[in-house]
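Summary of structural features
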Amino acid sequence: MIKTSYPYSSEMTTKAISAMKKDSYFLMPNIYSKNFCEKIKNDIDQVTSGRGVEINFGGTETRIWSAQKRFSGVKRFFDDGNQFISSVLKQDLVAGTILAIKNNPLPEEDKKNKLGRWHADSWRSQEKLFLFLSDTTENSGPLEFIPNTHKFFFRLQKALEPGFFFNHCSMLKKGSIRAYSSISDSKIEPLFDKGYRSKPVLVKAGTVLLIDTAKLIHRARPCSKDGRYALTAYYKTAQGYHDYDV
Ligand SMILES: O=C(O)CCC(=O)C(=O)O
Ligand SMILES: [Fe+2]
């Protein structure tokens, strides 16, 4: 019988509340056991095609949407996560979907899929809860983000810089605000010269990350070795966003 007690302590919730206000992310190690993660990895390996399954980056990435409806372990992460995020953000929230993701190394010669990965998810807040199912390393294609890019002044300044978040010319022409779906590497590199640092999420399996991926600029670093399994719970999505009846 698998233990199913609620894994987030009230102390964690309190810390998460202040971390979200200050940093827009909060990392929690040892939330789930290695066995729990292994079981979900095995479940993911069984699914290779079908409704709500996408294969990207030349076959090296598998995305399985609505994973909470397919796998019991993911349903548990979904239930626990809904309760946790509702306490942290002080509103009743239910994940719109859970994405299970599996990344294998990109071929060395694949230059195209290594660039243009930096982005912010949207202009409004978009909290996500990640559960890393395998240990992550510098080379396993970790999620990485740039701390302090969530700050109001940074966002304002970059919103005005042509071609960073927005393409001002096409906005004037079309009269609509459209965020760049990706921020070019040449726009990101100067940030590092100014003292910003990227933070790859290097963690053990079973670690949970709460992060506002609309505010913090981030990417999945291209995977060059080993591979990676993770779950992402999406909050505050439009109804039906990548949610499938499976
Ligand atoms: O796969 C990842 O680590 C990041 C994906 C991403 O950009 C996101 O979930 O917003
Ligand atoms: Fe993203």
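This report concerns the structure included in the present document. Given the structure is predicted, the values throughout are model-derived calculations rather than measurements.

With respect to the overall build of the protein chain
A count of helices and strands for the protein chain gives six helices and ten strands. Taken over the C-alpha trace, the protein chain has a radius of gyration of 18 Å; the compact-globule value for 246 residues is 18 Å, and the two agree within 12%. Reported as C-alpha extents along the three principal axes, the dimensions of the protein chain are approximately 60 × 45 × 35 Å. Excluding contacts between residues fewer than 6 apart, the proportion of contacts in the protein chain whose partners are at least 24 apart in sequence is 82%.

What about the packing of helix α1 (residues 10-22) against helix α3 (residues 72-89)?
One can describe the packing of α1 onto α3 by two numbers: an axis separation of 9 Å at closest approach and a directional angle of 55°. The orientation of α1 with respect to α3, classified from their angle, is oblique. In terms of crossing hand, the pair formed by α1 and α3 is right-handed. For the pair α1 and α3, contact is made by Thr13, Ala16, Ile17 and Met20 and by Phe84, Ser87 and Val88, respectively. Its residues assigned to classes, the contact of α1 with α3 shows five nonpolar, two polar and no charged.

So, helix α2 (residues 34-46)
Along its 13 residues, α2 runs 19 Å from first to last C-alpha, staying within 8% of the 18 Å computed at 1.5 Å per residue. Every buried residue of α2 is accounted for by Cys37, Ile40 and Ile44. Viewed end-on, α2 has its buried residues packed into an arc of 65°, placing them on one side of the element. For α2, the exposed residues set more than 90 degrees away from the buried face come down to Asn35, Asn42, Asp45 and Gln46. Of the surrounding elements, those touching the buried residues of α2 are β3 (61-64), α3, β4 (97-103) and β10 (228-234).

Details of the nonpolar core
With 53 residues, the main nonpolar core has Leu210 and Leu231 as its most contacted residues. Sort the elements by how many residues they give to this core and α3 lands first, with six residues. Excluding anything up to four places from it in sequence, leucine 210 contacts Ala16, Met20, Tyr25, Phe26, Ile85, Val88, Glu127 and Leu129.

Observations regarding the sheet that holds β3
Strand order across the open sheet formed by seven strands is β1-β8-β5-β10-β4-β3-β2, with antiparallel pairing between neighbours. Both outer strands of the open sheet, β1 (25-28) and β2 (53-56), are each paired with one neighbouring strand and no more. Strand-to-strand twist in this sheet, taken as the mean axis angle between neighbours without regard to direction, amounts to 15°. The pairing of β4 with β10 spans seven bridges and is classified as antiparallel. Across the sheet, the residue bridging to threonine 97 is tyrosine 234, located in β10. Sheet strands touched by α1: β1 and β8 (208-212). Its angle to β1, the strand with the most contacts, is close to 150°. Contacts between α3 and the sheet are confined to β4, β5 (127-132), β8 and β10, with β5 contributing the most and set at about 140° to the helix.

Points about unusual backbone geometry
It is generally the case that most residues other than glycine have a negative phi and that most peptide bonds are trans. Although it is not a glycine, serine 24 adopts a positive phi angle of roughly 65°. With respect to the secondary-structure elements, serine 24 resides in the loop between α1 and β1. If you check the backbone angles, serine 66 has positive phi at about 50° while not being a glycine. For serine 66, the location among the structural elements is in the loop between β3 and α3. Classification of serine 66 by C-beta neighbours within 10 Å gives buried; the count is 20.

Concerning the environment of serine 198
For serine 198, the position within the fold is in the loop between α6 (185-193) and β7 (199-200). On a C-alpha basis, the gap between serine 198 and leucine 129 in space is 19 Å, while along the polypeptide they are 69 residues apart. Setting aside anything within four residues of it in sequence, one finds serine 198 in contact with Glu144 and Ile146.

Some remarks on the environment of arginine 155
On the secondary structure map, arginine 155 appears in helix α4 (residues 152-160). On the basis of neighbour counts, which here come to 17 C-beta atoms within 10 Å, the residue arginine 155 falls in the partly exposed class. When the C-alpha positions of arginine 155 and glutamate 108 are compared, they lie 34 Å apart, and in sequence the two are 47 residues distant.

Criteria and thresholds
The written sequence of each chain sets the order in which its residues are numbered from 1. Here chains are named by letter from A upward and ligands by number from 1 upward, in the order in which they appear as written. Whole-chain, interface and lining totals are the exception, using all residues; otherwise, since this is a predicted model, local features are given only for residues with pLDDT of at least 70 and side-chain atom pairs are given and counted only at 80 or more. For helices the rule is a DSSP run of H or I covering at least 4 residues; for strands it is a run of E covering at least 2, with both sets numbered from the N terminus onward. The atom set for the radius of gyration is the C-alpha atoms, and the globule formula is 2.2 Å times the number of residues raised to the power 0.38. Each residue gets a C-beta atom placed from its backbone, and two residues are in contact if those atoms lie within 7 Å. Every angle, taken between N-to-C directions, lies between 0 and 180 degrees, and every axis is a line fitted to C-alpha atoms, over only the stretch in contact when it is a helix. For classification purposes, angles smaller than 35 degrees are called roughly parallel, those larger than 145 roughly antiparallel, those between 65 and 115 roughly perpendicular, and all remaining angles oblique. Working rule for handedness: look at the near helix, and if it is turned counterclockwise from the far one by less than a right angle, call the crossing left-handed; if clockwise, right-handed. Any residue that is not Ala, Val, Leu, Ile, Met, Phe, Trp, Tyr, Cys, Pro, Asp, Glu, Lys or Arg is counted as polar, Gly included; the first ten are nonpolar and the last four charged. Helix span, expected: 1.5 Å multiplied by one less than the number of residues in the helix. Exposed residues have 12 or fewer other C-beta atoms within 10 Å of their own C-beta, buried residues have 20 or more, and partly exposed residues fall in between, where C-beta atoms are placed from the backbone. This arc describes the spread of directions from the helix axis toward the C-beta atoms. Structurally, a nonpolar core is described as a collection of buried Ala, Val, Leu, Ile, Met, Phe, Trp, Tyr and Cys residues joined by way of C-beta atoms within 7 Å. Pairing between strands requires that DSSP locate at least two bridges from one strand to the other.

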